[in-house]
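# Analysis of the macromolecular model
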Amino acid sequence: METQRMMRPLAGRRILLGITGSIAAYKAAVLCRSLTTAGAEVRVVMTPLAKQFITPLTMATLSKNPILVEFFDPENGAWNSHVSLGLWADCYLIAPATANTLAKMAAGIADNLLLTTYLSARCPVVVAPAMDLDMYAHTATQENLHRLLERGVRIVEPEAGELASGLTGKGRMAEPAEIAAYVAALLGEGASSADATAEKEKTLRGKRFVVTAGATIEAIDPVRFISNHSSGKMGYAVAGELAARGAEVVLVSGRTALPTPEGVERRDVLSAAEMYDATLAAYEDADGGVMCAAVADYTPCEVADRKLKKSDDDLTITLRRTKDIAAELGARKAGRLLVGFALETDDEEAHAEAKLVRKNFDFIVLNSLRDAGAGFRGDTNKVTFLDASGREALPLLSKAEVAARIVDRIERFFER
Ligand code: C5P
């Protein structure tokens, strides 16, 4: 059964397909067909408005099951239990998901069967948003999507293109084939790495890594310092994921407010110079390094030993360059793995590619501050992987999922 599942991840799987009131509901018919053709058992729950866009008869015929819309059948009083539906499903896929349904899900509103089932579901939940471009870009919708993502809901991002309104932009539901492939990956091979709570296979047992994370602190005097907004969340997630897959991990950590991930040895440092020493020492007997820290590029030439007094004049602090930890590891890596990050605000890919080469990374994880949901502090990230063979752009994911994808790539490095 396991081998069969890897070949045909949807075979025998129970997919609850939720359909909401969007013009993209017509694509749900094709989606349902793709799922059943791949061997999945599909049941369909619709919002009352969804019936205006696609008929229950169409969906019942394609799914080979009666459609569920109301809490009970008005004819005979039979109860449609959202609890048993939620427990029945291996995956609850809501496609199309309107802005209204996403907002209600984020708020925990339960005024129809589709929503009560969301609250009862214990399985992975996937949503494929569909709406007009301005509704999708609206802060309210984006905040709702972030809340759902932080709660573990997976999002198959909409595409850019011509919309039913006649406008052009991002908001068109992803194609049914892409959504079906996403669910297949989630329920198949990718399920273990996509599910942060699952016990991971110890694929990296015997391997040692050094991970840098967080912001460095460059003292100006005993009271003031220069630092940055890095929360350390991405680096901590990578360290935790490596450890969860059996690796020995030394986490060289700048300032963060995070708990140490399970199974990770943490070494706290303050300045870029301290991080340099600790990281180089740990890399000596490591198989690889992942450089997630936001290291200061400049540090004050002199650190005053007493608090600087203010005066009426301007104050000039002269800074000197710090040493580049990643570049140093890159120069001495000798066949070992080295992964870097690039946080850019403009001309992102060109800058990241230059760093890939200059620092001798095997691959670099680019995040742009221009992308909503990427970068500092938040629990989500939107990254692109770049390596010598090309680029791979990932959708908006939780930092735990981005860490899982990074570690999937690290695993592949050691399989070579
Ligand atoms: O050059 P830039 O700072 O943008 O490069 C980012 C990458 O280099 C990150 O992986 C970061 O952790 C690493 N880096 C480093 N030491 C520095 C500066 C950056 O390890 N002094």
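Just so it is clear, the model here is predicted, and its values are computed rather than measured.

What follows is about the domain arrangement of the protein chain. Interfaces are often described in size by the accessible area the parts lose on coming together. Per the domain assignment, the segments making up the protein chain are domain 1 (2–189) and domain 2 (196–415). Taking only C-alpha atoms, the centre of domain 1 and the centre of domain 2 are 37 Å apart. If you look at the interface, domain 1 gives 6 residues, while domain 2 gives 10 residues. Buried area between domain 1 and domain 2, both sides added, is near 750 Å², and the carbon and sulfur share of it is 58%. Considering only the side of domain 1, the residues that lose the most area to domain 2 are His146, Leu149 and Glu157, jointly responsible for 55% of the buried surface there. Summed over the shared surface of domain 1 and domain 2, the number is 1 salt bridge. Residue Glu401 is joined to Arg154 by a salt bridge in which the shortest nitrogen-to-oxygen separation is 3.6 Å. Remark: the boundary between domain 1 and domain 2 carries 0 residue pairs in polar contact (both at pLDDT 80 or more). A breakdown of the residues in the side of domain 1 that touches domain 2 according to their chemical character gives 2 nonpolar, 1 polar and 3 charged.

The next point concerns the environment of Thr384. Structurally, the position occupied by Thr384 is in strand E19 (residues 383–387). Note on Thr384: relative accessible area 12%, which makes it buried. Thr384 sits 19 residues away from Val365 along the chain, and the two C-alpha atoms are 5.9 Å apart. Discounting residues that sit within four places of it in the chain, Thr384 has contacts with Glu349, Ile364, Val365, Leu366, Arg391, Glu392 and Ala393.

A grouping of Tyr298, Leu308, Leu315, Ile317 and Leu319 is seen on the molecular surface, where their side chains present a nonpolar patch of about 450 Å² in accessible area. Along the polypeptide, Leu319 turns up in strand E15 (residues 319–321). Its relative accessible area of 38% is what places Leu319 among the partly exposed residues.

With 17 residues, helix H16 (residues 399–415) extends 24 Å between its outermost C-alpha atoms, agreeing within 8% with the 24 Å of an ideal straight helix rising 1.5 Å per residue. Along H16, 12 of the 17 residues are buried, which leaves the element largely enclosed by surrounding structure. Those residues of H16 lying buried are Lys399, Glu401, Val402, Ala403, Ala404, Ile406, Val407, Asp408, Arg409, Ile410, Glu411 and Phe413.

Taken together, 13 residues surround the ligand, and among them Met291, Ala293, Phe341, Lys355 and Lys359 come closest. For the ligand, a nitrogen atom lies 3.0 Å from a polar atom in the backbone of Ile325. Ala326 places a polar main-chain atom, nitrogen or oxygen, 2.9 Å from an oxygen atom of the ligand. Relative to its unbound accessible area of 450 Å², the ligand is 87% covered by the protein chains. When contributions to the shell around the ligand are tallied by element, the ones reaching two or more residues are helix H14 (325–331) and strand E16 (337–344). A class-by-class count of the residues in the shell around the ligand yields 7 nonpolar, 1 polar and 5 charged.

About the criteria used
- Every chain's residues receive numbers from 1 upward, in the order its sequence appears when written.
- This being a predicted model, a pLDDT of at least 70 is required before a residue's local features are given, and a value of 80 or more before pairs of side-chain atoms are given or counted; all residues contribute to the totals for chains, interfaces and linings.
- Side-chain calculation: all heavy atoms of the structure are included, whereas hydrogens and water are not.
- Domain limits in this description derive from either an automatic procedure or a database domain assignment.
- Any two residues whose heavy atoms approach within 4.5 Å at even a single point are treated as in contact.
- As used here, buried area is the combined drop in accessible area, with a 1.4 Å probe, of two parts when they are placed together.
- By salt bridge we mean one thing: a side-chain nitrogen of Lys or Arg within 4 Å of a carboxyl oxygen of Asp or Glu.
- Under the rule applied, a polar contact is a pair of N or O atoms within 3.5 Å (in protein, one hydrogen donor and one hydrogen acceptor; residues adjacent in sequence only if both atoms are side-chain atoms).
- Only Asp, Glu, Lys and Arg are considered charged, only Ala, Val, Leu, Ile, Met, Phe, Trp, Tyr, Cys and Pro nonpolar, and every remaining residue, Gly among them, polar.
- The helix and strand labels rest on DSSP assignments: H or I over at least four residues marks a helix, E over at least two residues marks a strand, and numbering proceeds from the N terminus.
- Think of it in three bands: with a 1.4 Å probe and only protein chains considered, a residue is buried below 20% of the maximum accessible area for its type, exposed above 50%, and partly exposed in between.
- Candidates for patches are residues over 30% relative accessible area with no salt bridge; among them, like charges are joined within 9 Å and nonpolar side chains (Val, Leu, Ile, Met, Phe, Trp, Tyr) within 5 Å.
- Per-residue accessibility takes into account occlusion by the displayed protein chains alone, with areas from the Shrake-Rupley method and a 1.4 Å probe.
- Expected helix span is given by 1.5 Å per residue-to-residue step, counting one fewer step than there are residues.
- One heavy atom within 4 Å of a molecule or strand makes the whole residue count as near it.

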